[in-house]
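A look at the structure
Read off the chains here:
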Amino acid sequence: MQVQALGPTIGALVSDIDLALPLADSQRDALLAALLQHHVLLFENQPVTAPQHRDLAARFGSLHIHPIYPQRAEAREIILLDTDLDNPPMGALLSARQLSPPPESPLLST
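One structure accompanies this document, and this report is about it. Predicted, not measured: the structure shown is a model, and the values here were computed from it. Throughout, residues of each chain are indexed from 1 in the direction in which the sequence is written. It should be noted that, the model being predicted, local features are given only for residues of pLDDT at least 70 and side-chain atom pairs only at 80 or more, the latter also being counted only at that level, while totals for whole chains, interfaces and linings use all residues. Only hydrogens and water are set aside; all other atoms, that is, all heavy atoms of the structure, feed into the side-chain values.

Re the overall build of the chain
Under the DSSP-based scheme used, a helix requires at least four consecutive residues in state H or I and a strand at least two consecutive residues in state E, with every element numbered from the N terminus. The helix and strand tally for the chain stands at 2 helices and 5 strands. The helix and strand sequence of the chain, counted from the amino end, reads β-β-α-β-α-β-β. Residue burial in the chain is summarised as follows: out of 110 residues, 14% are buried. Whether two residues are in contact is decided by their heavy atoms: any pair within 4.5 Å suffices. Considering only contacts in the chain between residues 6 or more positions apart, those separated by 24 or more positions represent 48%. Summing over all exposed atoms, the chain offers an accessible surface of approximately 9100 Å²; the carbon and sulfur share of this is 57%. The buried label goes to any residue with under 20% of its type's maximum accessible area, the exposed label to any with over 50%, and the partly exposed label to all in between, with areas taken from a 1.4 Å probe on protein chains only. Every accessible area reported is derived by Shrake-Rupley at a probe size of 1.4 Å, with residue values counting cover from the shown protein chains alone.

Let's talk about unusual backbone geometry
You will see that Asp 16, though not glycine, has its phi angle at about 60°, which is positive. You can see Asp 16 is positioned in the loop between strand 2 (12-15) and helix 1 (25-38). According to the relative accessible area criterion, Asp 16 is exposed, its value standing at 59%. Positive phi values are uncommon outside glycine, yet Asn 45 reaches one of about 50°. Since its relative accessible area comes to 74%, Asn 45 is described here as exposed.

Comments concerning the pattern of salt bridges
Here a salt bridge means any side-chain nitrogen of Lys or Arg lying within 4 Å of a carboxyl oxygen belonging to Asp or Glu. All told, the structure shown has 4 salt bridges when counted by the stated rule. Measuring nitrogen to oxygen at the nearest pair gives 3.1 Å for the salt bridge that ties Arg 28 to Asp 29. Across the pair Asp 55 and Arg 54 runs a salt bridge whose closest N-O atoms are separated by 3.0 Å. The exposure class of Asp 55 is partly exposed, given its relative accessible area of 43%. Within this structure, Asp 25, Arg 28, Asp 29 and Arg 59 form a network of salt bridges that share partners.

Following this line, the structure appears as structure tokens:
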């Protein structure tokens, strides 16, 4: 797996990994470390199915089935954010309204 920074403060391109295959613990740990360092990870050419997407996400924590948004029949944890094919969005803007406290770092404990 290769991680290439895309700028001085945020974003990295991750290559040489196949997200359609189950992640080894070492790969998951490396991706988490890269996410903490770069804050946003981009993966190119990763044609994963909805069940593979769900299984990949589950390697990073428990998943939630949204009670309102439309879901994929084969993986209910995957929601459809845009269902209008005639008026696709230009992009997406995400805003976290409630965040969990960060995990306690062993480097910060006294």
